[in-house]
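Single-letter residue listing:
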Amino acid sequence: MQNNIRLTPMREHPSEDTDALIQMPNKWDFVLVCDDHKSFSTKKSKKEAFLEELRNKGFTIKTIKDKKLFHGIRAPSAVIRKYNHLLGNPQSESLNVQRERQQQVMTCTRIRIVHFILQSTEISTKQNFHDLVKENVFETAFPLHEKEKLDTFLKINWSNVCSNDLRMYFGEKVALYFAWLRWYTYVLLIAAVPGIILVIYGFMSFSSSQVSQEICAANTTIMCPLCDQKCPFWPLSDTCTYAKLTHLFDNEGTVLFAIFMALWATVYLELWKRQRAKVVSEWNLYWWDEEEDDVALEIISNPDCDIRKYQHSYVRTTIMLILFALMICVLIGIAQALVVYRVVVTVLFAHSNSEFFRERATTMAVVTGAVLHYLSIIIMSKVNRHVAEYLCELEKPRTFSEREKNFTVKIFILQFFTHFSSLIYIAFFLGRINGHPGNYVRVAGKWRLEECHPSGCLLDLFIQMAIIMTLKQTLSHFQEYLVPWLKNQWRKPFAKPRHDSKIHAENSAQDQCKDDWLDNYQLNEVSAFSLFNEFLEMMIQYSFTTIFVAAFPLAPLLAFFNNLIEIRYDAYKMVKLQRRMVPRKAKDIGIWLQVLEAIGILAVIANGLVISITSDFIPMQVYKYTLGPCTQKNDAGTDCLTGYVNHSLSVFSVQDFENRNEMSDPTDSMGNKITHCRYRDYRNSDDYSYTIEFWHVFAARLVFLILFEVSALGRKLYVEGRLWQSPHRLVWGAGALHLLEDASLSVLGPQ
């Protein structure tokens, strides 16, 4: 039968609307909405021209008038046969399956084909549907929900990737998204367990931590002021609580946890690749090619089309790269603006009349800076989207799939810099470029560049990540789900005006489509990138979960609980709050897999840098094995870190301060005159140059960083290779995850 199908315009098959192999569940594939334009207006003539182009392609069109004009369109059934013929899918295969399953396949495929035809059809002015929407000729277009299936979808398990109902209604791409999200949620629980153990270990070892004990007992160790004016000298014991908090996540187990997370990311991705291959094989999509599918849809829409050839333009590429680099510079500039904010706010809080704010000036600056960082993320996320879309337009991609890949790379890089520029500064630059007492680096020659928290730089990073993740996972849910729900509830009373006239009742009875079309129109609009937004949100979360996880080991736990809600909310949103998504065929999660792999490599590098540079792990080990009491023979019963706090603090003479006359009276709580103060660094007390211990610690940091990166990346590549080459030796990994899945069902429940 395939040989009898000619690639001729669809208008040459007048009987196709009545000779369908199967009566479709939904008669109308799409509904176009527009205003009732004035007669002889340009908008009306363009609308009629577009509808006439659809009629010439064999479409059936039905018009219903309400406050808006609704045009229901239905493509000829031959589009399915032509699609199968072009992709080499024997039609006989579809005839051998159950009747209901065939209906679902044809409905999903029809919607996808009709959507492509709508977007590619042009009128005489060379304007397509997207151009006409910009000119307000049309308002929108959407496929119709099948009401009899919506309630069923809320009861099924959305993580069951073998569910044909989910795949055939929303398409393979949505099904793969929920499969990946559920798989990711399961393995997050595996990553959360060692993070919890690390924190519990830090909590239980409070009393035995020599460093915390020395800090809490250092009430006679006077520290230098944190600002130039009105900031007092203060005892180191004031940071006792923060020192204990830092010990929760910066202890002996942090290195092991960071290495575990590097291996976890690798094993998770490799096992997902297997799960994905298994699912795609069951769907008979393993040999399906996205570019071939795009070409087939192009030929169905226009048999005389000329396939666009790839044409590289060095001019457009150069302009795009320059603009992209400028945008990254803007995002880095925003991060530096946050640095200036914290510097200025620290001074303002230090000069406050409230003793509470004066004593906690640094902490308040970090907290408010984190909140401001979150607000900048919200604003710049919208700006980044417009910039990425504009840059994609400059590249002029041939197909939608190519455009989607280019857009994904650009928006993720921009979002990465938006979220992590400030965190990178805090992790690797804060407190290391600010100078030292008597020679501080100043902003605009006035304000001292901020220092790390008195309890260590890792605490600043911990506070920043905890606040951003908490706000992002709470307020984002409000914005993503509650706001659309409120909009939907607000529109319901106005969606169907009540009419008491019998004439209207009779007209409504005659047209059963009207209510269905109006119900779908009142739902929230979806776009081609609606599912893209869900993936992007999860990629940013995955970045927070892996990058800098050494500073925030509870990140996997927070992400796990967030995803429990995310799966349910996404399902409810797609079924009850949004119009029906255009089904997309796919055999993997696309370029997002490469993004995940890149994040895994960045996580190894970042966590190695956090442990070697940001935390006090290396200085403590250097002291422990070179200068501590354990290096002596008479160290019976003495902790190896005894004296470390005093060793890590340098001495500064008060008379050498730059603004000696503007400082508060240098007296302690007992009224004794202060002649010297301490600060965190390794410097001589005479000329304030670096001591030999500084260079020992610096060399140890560098050696550890190299060993950690080589070891972690080497193990990552080794495990990846073993998983790929010898799957039978690591079947236990997938089996363990399936056991975890069964155990988690009691927590997750049916979706």
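The structure displayed is predicted, hence computed values, not measured ones.

Peer 1: Whenever I open this one, the packing of aromatic side chains confuses me. Can you help?
Peer 2: One pass over the full model with this rule turns up 40 aromatic pairs. Residues phenylalanine 652 and phenylalanine 657 carry aromatic rings whose centres are separated by 4.8 Å and whose planes lie at 65 degrees to one another, so their mutual orientation is edge-to-face. For phenylalanine 652, a relative accessible area of 0% corresponds to the buried category. The structure contains a cluster of three or more aromatic residues connected by ring pairs, namely Tyr177, Phe178, Trp180, Tyr184, Trp264, Tyr268, Phe407, Phe532, Phe535, Tyr542 and Trp592. Lying across the ring of tyrosine 440, arginine 448 places its NZ or CZ 3.7 Å from the centre. Over the aromatic face of tyrosine 690 sits the side chain of arginine 683, whose NZ or CZ is 4.2 Å from the ring centroid.

Peer 1: Explain the state of the cysteines here, please?
Peer 2: Cysteine pairs can be covalently joined through their sulfur atoms, and such a bond is termed a disulfide. Taken as a whole and judged by the stated rule, the model has three disulfides. For cysteine 630, the disulfide goes to cysteine 640, at an S-S distance of 1.7 Å. Because the sign of the S-S torsion sets the handedness, a value of about -90 degrees for the bond joining cysteine 630 and cysteine 640 places this disulfide among the left-handed ones. Here cysteine 630, found in the loop between α23 (617-627) and α24 (644-648), pairs with cysteine 640, found in the loop between α23 and α24; they are ten residues apart in sequence, far enough to count as distant. A relative accessible area of 25% places cysteine 630 in the partly exposed class.

Peer 1: What am I meant to see in the pattern of salt bridges here?
Peer 2: Should the charged atoms of two oppositely charged side chains come close, the side chains can pair. Under the criterion given, the structure shown has 23 salt bridges. Two residues, glutamate 135 and lysine 46, come together in a salt bridge whose shortest N-O distance is 2.8 Å. Separated by 89 residues along the polypeptide, glutamate 135 in the loop between α5 (129-134) and β4 (140-142) and lysine 46 in helix α1 (residues 42-56) bring together distant segments of the chain. Owing to a relative accessible area of 32%, glutamate 135 belongs among the partly exposed residues under this scheme.

Peer 1: Looking at this structure, how should I read the sheet that holds β4?
Peer 2: Two pairing modes exist for strands in a sheet, parallel and antiparallel, and in both the strands are linked by backbone hydrogen bonds. A sheet is described by the order of its strands in space; here four strands give the open sequence β2-β3-β1-β4, paired in antiparallel fashion. Edge positions in the sheet fall to β2 (60-65) and β4, since each has one partner strand and no second. Sheet twist, expressed as the average angle between the axes of neighbouring strands with direction ignored, equals 20 degrees. Bridge count between β2 and strand β3 (residues 69-74): six bridges; the pairing is antiparallel. Pairing of lysine 62 across the sheet is with glycine 72, part of β3. The strands touched by helix α19 (residues 513-522) within the sheet are β1 (30-34), β2, β3 and β4, with β2 carrying the most contacts at an inclination of about 80 degrees.

Peer 1: Quick question: what am I supposed to make of the packing of helix α8 (residues 172-204) against helix α21 (residues 555-577) here?
Peer 2: Helix packing for two helices is described by the angle between their axes and how far apart those axes are. The interhelical angle for the contact between α8 and α21, taken along N-to-C directions, is 160 degrees, at an axis separation of 7 Å. Considered as vectors, α8 and α21 are oriented roughly antiparallel to each other. In the packing of α8 onto α21, the handedness of the crossing is left-handed. Note on element contacts: α21 touches α8 through Pro556, Leu557, Ala559, Phe560, Asn563, Leu564, Glu566, Ile567, Asp570, Ala571 and Met574, opposite Val174, Tyr177, Phe178, Leu181, Arg182, Tyr184, Thr185, Leu188, Leu189, Ala191, Ala192 and Ile196.

Scoring rules and cut-offs
Residues numbered from 1 in each chain as written. Predicted model: local features only at pLDDT ≥ 70, side-chain atom pairs only at ≥ 80, totals over all residues. Heavy atoms only, no water. Phe/Tyr/Trp six-rings, centres within 6.5 Å; stacked < 30°, edge-to-face > 60°. Buried < 20%, exposed > 50% of the residue type's maximum accessible area, 1.4 Å probe, protein only. Lys NZ or Arg CZ within 6 Å of the ring centre and 35° of its normal. Disulfide = S-S within 2.5 Å. Helix = DSSP H or I, 4+ residues; strand = E, 2+ residues; numbered from the N terminus. Salt bridge = Lys/Arg side-chain N within 4 Å of Asp/Glu carboxyl O. Pairing = 2+ DSSP bridges. Axes fitted to C-alpha atoms, helices over the stretch in contact; angles between N-to-C directions. Contact = heavy atoms within 4.5 Å. Parallel < 35°, antiparallel > 145°, perpendicular 65-115°, else oblique. Left-handed = near helix turned anticlockwise from the far one by under 90°.

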